[in-house]
Each structure stands twice: as C-alpha cells, then as structure tokens.
Amino acid sequence: MKADNPEDLQRQGLRERLESILIRTEKATTWHDEAGRLRGLVNNEGYVPIRTRLATEDLEFLAGARSEMLRFSELGLRLLDLHQPRDAGGITSDAAHPILRCRSCMWRWPCPTFRAMLESFGTQSDPDGTRADTAAANGAGPRETIS
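To keep things clear, this report deals only with the structure shown in the data block.

Reading guide: rules and limits
- Every residue gets a number counted from 1 within its own chain, in the order that chain's sequence is written.
- Restriction of local features to residues with pLDDT of at least 70 applies here, the model being predicted, together with a cutoff of 80 or more for giving and counting side-chain atom pairs; totals for whole chains, interfaces and linings are based on all residues.
- By convention in this description, side-chain values take in all heavy atoms of the structure and omit both hydrogens and water.
- For patch detection, residues must exceed 30% relative accessible area and be free of salt bridges, and they are connected within 9 Å for like charges or within 5 Å for nonpolar side chains (Val, Leu, Ile, Met, Phe, Trp, Tyr).
- To measure how exposed things are, a 1.4 Å probe is used in the Shrake-Rupley method; for residues, cover is taken only from the protein chains shown.
- For salt bridges, the criterion is a side-chain nitrogen of Lys or Arg within 4 Å of an Asp or Glu carboxyl oxygen.
- By definition, any uninterrupted DSSP run of H or I lasting at least four residues is a helix, any uninterrupted run of E lasting at least two residues is a strand, and each is numbered from the N terminus.
- Type-normalised accessible area, obtained with a 1.4 Å probe on protein chains alone, sets the label of each residue: buried when under 20%, exposed when over 50%, and partly exposed for intermediate values.
- A fitted line through C-alpha atoms serves as each axis, taken over the contacting stretch for helices, and the angle formed by two N-to-C directions is quoted from 0 to 180°.
- Note on terminology: angles under 35 degrees are roughly parallel, angles over 145 are roughly antiparallel, angles of 65 to 115 are roughly perpendicular, and the others are oblique.
- Each crossing gets its handedness from the near helix: less than a right angle anticlockwise from the far helix is left-handed, clockwise is right-handed.
- Contacts are assigned to residue pairs that have any heavy atoms within 4.5 Å of one another.
- Residues are sorted three ways: Asp, Glu, Lys and Arg are charged, Ala, Val, Leu, Ile, Met, Phe, Trp, Tyr, Cys and Pro are nonpolar, and all the rest, Gly among them, are polar.
- When the centres of two rings from Phe, Tyr and Trp lie within 6.5 Å, Trp using its six-membered ring, the rings pair. Their planes under 30 degrees apart give stacked, over 60 give edge-to-face, and anything left gives tilted.
- Residues belong to one nonpolar core when they are buried, are Ala, Val, Leu, Ile, Met, Phe, Trp, Tyr or Cys, and are joined through side-chain atoms within 4.5 Å.

Some words on a nonpolar patch on the surface
Next, step 1: A grouping of Met 69, Phe 72 and Leu 75 is seen on the molecular surface, where their side chains present a nonpolar patch of about 270 Å² in accessible area.
Next, step 2: Locating Leu 75 in the fold gives a position in helix α3 (residues 56–82).
Next, step 3: The class for Leu 75 is partly exposed, based on a relative accessible area of 44%.

If you want it as structure tokens, here you go:
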C-alpha cells in the first residue's frame, strides 16, 4: 500500500482529529462536582442565574461530558485501528493501485464504517457543533450569540 494513497491521508487526518479530541478531553477538568453545586442555584424558572442560561439538562450533560468524550474518542480510535485497508491479494491490471479491502469487515475499501467515521469526524466543526463547510455552502454567515 502506497503512502500517497488518498485514503491514507484521510485515515491520518481522522486519527489526528480523534487523538486531538482525546488529548483536549484528558486535559479538561471534569464538571461533575461543579454541576452538583450549580444544581443548588437553579431558580424557579429552571435555570442557573449566571451570564448564560443553564437548564438542569445542561448541568447533567456537563457533569458527564468529560468521561463520555474520553470513552467516545477511545472508541473512535479503536474502530479506526480495526477498519483499515489491506491488499485484497487478487490479480489486477494496475499493480500501482491494488484492490484494497477492509482488514476487519472485508468490504471493499473504503468500508462503510470508515466512510461513516470520515463523515462524522473528517471535517472541522465549529465549537457549537455545526460544520463550517456546510454553513458556508448553505450561504450562512456568522451566527449571532445571545447572552
């Protein structure tokens, strides 16, 4: 398998993105204890009265987000290790570009699992979870932030 294969660059980019998520998550402080303290500040409308409105659901999310992101990024890396190309070993008319199959599921490369991971993690997302490339393609400008 050649190193200049486009799938190799996609795999490398996907691995770097997942490792970056894992590293940032490991460095982050857990909100578990803070979320517990903030629950006591929830007012009659169901929000914590600070600059932003935190609902009970927001606090529940923040309390478990770090551990869930660690498990999620580790899962992504494990799936990436499982689903990688290998030479299918058949006769081909183009020896420079052999037919590749997934090492794990044996689908033709890129396999559906790798394509789904690339769709989900392959492009840069804004901090709010929207894809910058999708927003630009749809003609959306910068978003207003209401505080």
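A few points about the pattern of salt bridges
Next, step 1: Tallying each qualifying case throughout the model produces four salt bridges.
Next, step 2: Between Arg 15 and Asp 81 there is a salt bridge, with the nearest N and O atoms lying 2.1 Å from each other. You can see Arg 15 sitting in helix α1 (residues 6–27) and its partner Asp 81 sitting in helix α3, a full 66 residues away along the chain.
Next, step 3: By relative accessible area, which is 23% here, Arg 15 ends up partly exposed.
Next, step 4: What makes Asp 81 partly exposed here is its relative accessible area of 36%.
Next, step 5: Across the pair Arg 39 and Glu 60 runs a salt bridge, and its minimum N-O distance is 2.9 Å. Remark: Glu 60 occurs in helix α3 and Arg 39 occurs in helix α2 (residues 32–39); sequence separation between them is 21 residues.
Next, step 6: Assessed through its relative accessible area of 45%, Glu 60 is described here as partly exposed.

Observations regarding the packing of α2 against α3
Helix packing for two helices is described by the angle between their axes and how far apart those axes are.
Next, step 1: Axis separation between α2 and α3 bottoms out at 7 Å; the angle between their running directions is 160 degrees. Compared by their axis directions, α2 and α3 come out roughly antiparallel. α2 and α3 meet at a crossing whose hand is left-handed. Across the interface between the two elements, His 32, Ala 35, Leu 38 and Arg 39 from α2 touch Leu 59, Glu 60 and Ala 63 from α3.
Next, step 2: In the contact of α2 with α3, the residues fall into four nonpolar, one polar and two charged.

As for the packing of aromatic side chains
Next, step 1: Tallying each qualifying case throughout the model produces two aromatic pairs.
Next, step 2: Taken together, a centroid distance of 5.5 Å and an interplanar angle of 55 degrees make the contact between Phe 72 and Phe 121 tilted. A residue pair is termed long-range when its members are at least 10 positions apart, and Phe 72 in helix α3 and Phe 121 in helix α4 (residues 112–121) qualify at 49 residues.
Next, step 3: Considering the side-chain rings of Trp 109 and Phe 114, the 4.8 Å spacing of their centres and the 35 degrees angle between planes classify their relative orientation as tilted. By the burial criterion, Trp 109 is buried, and Phe 114 matches it.

Details of the environment of Gln 84
Next, step 1: Its location among the elements puts Gln 84 in the loop between α3 and β3 (85–87).
Next, step 2: Here Gln 84 falls in the partly exposed class, since its relative accessible area comes to 21%.
Next, step 3: Gln 84 sits 73 residues away from Arg 11 along the chain, and the two C-alpha atoms are 8.1 Å apart.

Notes on the nonpolar core
The tendency in soluble globular proteins is for nonpolar side chains to be buried as a group.
Next, step 1: Formed by 13 residues in total, the largest nonpolar core has its most connected members in Leu 14, Leu 18, Leu 80, Trp 109, Phe 114 and Met 117.
Next, step 2: For this core, the secondary-structure elements that each account for two or more residues are α1, α3, β4 (100–102) and α4.
Next, step 3: Sequence-distant contacts of Leu 80, that is, excluding residues within four places in its chain, are made with Arg 11, Leu 14, Arg 15, Leu 18, Phe 114 and Met 117.
Next, step 4: The next biggest cluster of nonpolar side chains, apart from the first, holds six residues, and it includes Ala 35, Val 48, Leu 54 and Leu 59.

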